[in-house]
Amino acid sequence: MLDLKVHMRGEVNWSHLKLLNANMSEKLPFKVADISLADWGRKAITIAENEMPGLMKMRELNGPTKPLKGARIAGCLHMTLQTAVLIETLQALGAEVQWSSCNIFSTQDHAAAAIAKAGIPVYAWKGETDEEYIWCIEQTLYFKDGQPLNMILDDGGDLTNLVHQKYPKLLAGIKGISEETTTGVHNLYKMLKSGELKVPAINVNDSVTKSKFDNLYGCRESLIDGIKRATDVMIAGKVAVVAGYGDVGKGCVQALRGFGARVIVTEIDPINALQAAMEGYEVTTMDEACKEGNIFVTTTGCEDIIMGRHFENMKDDAIVCNIGHFDCEIDVKWLNDNAAEKVNIKPQVDRYRLKNGRHIIVLAEGRLVNLGCAMGHPSFVMSNSFTNQVLAQIELWTNTSKYPLGVYFLPKKLDEEVAAAHLDKLGVKLTKLTDKQAKYLGLPREGPFKPDHYRY
Amino acid sequence: MDSTVSLPDQPTRSTTVTLVESSSNPSGVQLVSTYQTHRAGDPMDLVMLAQQVQKGDEFVRANACNKLTVIADQIRYLQEQARKVLEDAKNDADLHHAACNVVKKPGNIYYLYLRESGQRYFSILSPKEWGSSCPHKFLGGYKLQYDMSWTPLDEVEKRDSEIHIMEKLLNQQTALPPPTEPNFEGLLK
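All figures in this text were calculated on a predicted structure; none of them were measured in a lab. (Residues numbered from 1 in each chain as written. Chains lettered and ligands numbered in written order. Predicted model: local features only at pLDDT ≥ 70, side-chain atom pairs only at ≥ 80, totals over all residues. Heavy atoms only, no water.)

Let's talk about the overall build of chain B
Helix and strand counts for chain B come out as 4 helices and 6 strands. For chain B, the sequential pattern of α-helices and β-strands runs β-β-α-α-β-β-α-β-β-α. At 35 Å, chain B has a C-alpha radius of gyration far larger than the 16 Å of a compact globule built from 189 residues. When each of the 189 residues of chain B is scored for burial, the buried share is 19%. Restricting to contacts in chain B with at least 6 residues of sequence separation, those with at least 24 account for 41%. When the accessible surface of chain B is totalled, it reaches about 14600 Å², and 57% of it is carbon and sulfur. (Helix = DSSP H or I, 4+ residues; strand = E, 2+ residues; numbered from the N terminus. Rg over C-alpha atoms; globule rule 2.2 N^0.38 Å. Buried < 20%, exposed > 50% of the residue type's maximum accessible area, 1.4 Å probe, protein only. Contact = heavy atoms within 4.5 Å. Areas by Shrake-Rupley, 256 points an atom, 1.4 Å probe, with all protein chains shown as cover.)

As structure tokens, this is what we get:
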């Protein structure tokens, strides 16, 4: 990696050379499963770019000024096609970027290969071991000239924790962290409370344009995708029971009704229950609904939603799946312990025969059906999240002094910018406030338009 | 009519010479004196015959022995081959069943490690790439071939050049002449 010819021409600083060698000689330019997938990956990235207008808008607006110049961003987030567009956006904005995946199974090897081929140090492949996972993250800490990272882009908190626990001497040089997801945000608040957090952080997860959009619109598309890929069931005319009427529940209910199902909702919160009722849905308990439903979807984020007694009352070949949180909403263990027979139909689809002779079809073993049986979130929804990431990185890098140690939301104005960046692509024509109107409302003409507590 | 002859150079061995049966009335013609007709003129005649019989015996034995040696060699070679095939198959199957999180792709090299628990697993990281942080004992590197067999790292170069030669042969479709007559092309050049 050292070009000796260049060194030999001038005065050679051997101590420097040795130092570099000792630290850096082992460092690989990248590590992916199969670099020959790069061309395929590149084609798929091109398609994804077209579906990620927010990120492309960032390139268009900020590419010339390079606001991230000097930033060395270590990123740890699912190495997918969408993330590839994020990585290249950060690069286009002037940053040096190194990447690892935040899950041992989520890397799309063709996306990683394309990024590697573009000369960006990426260390990620589908099917890492836990030790390899940590190795991959560690490869992203030092950049090619031996300089350490100065920004963190994280999903889940493993990179943040690794630097805090194993490389604390690097913390002083890091200007900020942007965190993608609920788990990582919990971790940040915990560290802040215990005094362990040493770097200011922005919670990207709770931007309106992130959680409101991927929960509602992401799930609205991927729920049906998952059910259809798994079972090919006709949804029209069926009775669908949706547990929970939060953002995810609302999306699922809309999608099911859109296909012509009659939807029943269960809720614990009177406000959400009233919302569901006033949208025209029957709201009742699972004990009642279990006798009527053909398709059951849990979206609650809580545990013990569909239990043994519910399975026993279900109609023959009822389909049961979860799109809420982890795998604790559906009591799959009860089925495994009590069913007369379990037949695996295909990966992620199991059909249980109960002792009463009826059958239950469980998707993705009760884990997230949109990930297990479909492709997760589409690029467009990820463009929302990732544009938040880009703006969070720019904000922390360029307005460092505004963010003393703490965990912050992205300012409302930037949340609005994320949404604005997606409008052109959809052909949306936005109305501008006149000065008179702005004065009437008491708002700046260019926003922010809503107070922080506004719920959308 | 058999006569037993001891050959002058091998006094301890005797060879039986069988002469053609005699007849006193061959083809219906009465011989005048069978003694006259059948008497051996030269006492060495019988020795010559005996020597020839013996030489024949020796040559036949030697020839058979030669041929059997070749076959025995072949049998030994085939047995060795069979043993190797079985052993390779066992080793290959064994490696295919080692723990692995990645979908392995022919043509790539994979590295086998041993966890403290005793589990063996494949990684795409070499000990060199791990550097000092290598967490588990390294057992060996293997290249996964397109026939799903495994080549140990130190034999990869040899195997690659073999495959290269075979591929060249496959590409030259005229390499083998039509089998109209036996030929030793390639042996004589």
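A word on the pattern of salt bridges
Residues and elements named next belong to chain A. Tallied over the entire structure, the rule returns 30 salt bridges over all chains. Of the charged contacts in the structure, one is a salt bridge between aspartate 337 and lysine 333, with a shortest N-O distance of 2.9 Å. Taken together, the residues aspartate 337 and lysine 333, both in helix H15 (residues 332-338) and 4 residues apart, mark about one turn of the helix. Among the ionic contacts, a cluster of salt bridges with common partners joins Lys57, Glu60 and Asp424. (Salt bridge = Lys/Arg side-chain N within 4 Å of Asp/Glu carboxyl O.)

Some details on the UniProt feature "domain: S-adenosyl-L-homocysteine hydrolase NAD binding" (unreviewed entry) in chain A
The UniProt entry lists residues 215-376 of chain A under the feature "domain: S-adenosyl-L-homocysteine hydrolase NAD binding" (unreviewed entry), expressed in the numbering used here. Helix makes up 36% of residues 215-376 of chain A and strand 23%. Its end C-alpha atoms lie 11 Å apart. (UniProt positions renumbered as here; feature names shortened; annotations may be inferred.)

Notes on the environment of A:Glu128
Inspection of the secondary structure assignment puts A:Glu128 in the loop between strand S3 (122-123) and helix H7 (130-139). Here the alpha-carbon distance between A:Glu128 and A:Leu188, two residues 60 residues apart in the chain, equals 25 Å. Every residue in contact with A:Glu128, bar those within four places of it in the chain, is listed here: A:Ile104, A:Thr107, A:Tyr123, A:Tyr133, A:Cys136 and B:Asn101.

Looking at the state of the cysteines
All names here are of chain A. Taken as a whole, this structure holds 0 disulfides over all chains when the rule is applied. Counting only cysteine sulfurs, cysteine 219 is the nearest neighbor of cysteine 252, a cysteine outside any disulfide, at a range of 5.6 Å. Relative accessible area serves as the criterion here: at 0%, cysteine 252 is assigned to the buried category. Cysteine 373 takes part in no disulfide bond, and the closest cysteine sulfur to it belongs to cysteine 321, at a distance of 7.9 Å. (Disulfide = S-S within 2.5 Å.)

Examining the packing of helix H10 (residues 208-231) of chain A against helix H11 (residues 247-258) of chain A
All names here are of chain A. Running from N to C, H10 and H11 point in directions that differ by 35°, and their axes come no closer than 7 Å. Crossing of H10 over H11 shows right-handed handedness. Counted together, Lys212, Asn215, Leu216, Cys219, Arg220, Leu223 and Ile224 of H10 and Asp247, Val248, Lys250, Gly251, Cys252, Gln254, Ala255 and Leu256 of H11 form the full contact between these two elements. Of the residues assigned to the contact of H10 with H11, the class counts are 8 nonpolar, 3 polar and 4 charged. (Axes fitted to C-alpha atoms, helices over the stretch in contact; angles between N-to-C directions. Left-handed = near helix turned anticlockwise from the far one by under 90°. Nonpolar A, V, L, I, M, F, W, Y, C, P; charged D, E, K, R; others polar.)

With respect to the nonpolar core
Residues and elements named next belong to chain A. With 47 residues, the main nonpolar core has Leu68, Met79, Leu90 and Trp99 as its most contacted residues. Listed by contribution, the elements that provide at least two residues to this core are helix H3 (38-50), helix H4 (53-62), helix H5 (81-92), strand S2 (96-100), helix H6 (109-117), strand S4 (151-154), helix H17 (379-398) and helix H18 (412-420). Counting residues per element, this core draws most heavily on H17, which supplies 8 residues. Those residues in contact with leucine 90, other than ones at most four positions away along the chain, are Leu68, Ile73, Ala95, Val97, Trp99, Leu153, Val390 and Gln393. By size, the runner-up hydrophobic cluster in this structure holds 31 residues, among which are Ile224, Tyr245, Val253 and Ile361. (Core = buried A, V, L, I, M, F, W, Y, C linked by side-chain atoms within 4.5 Å.)

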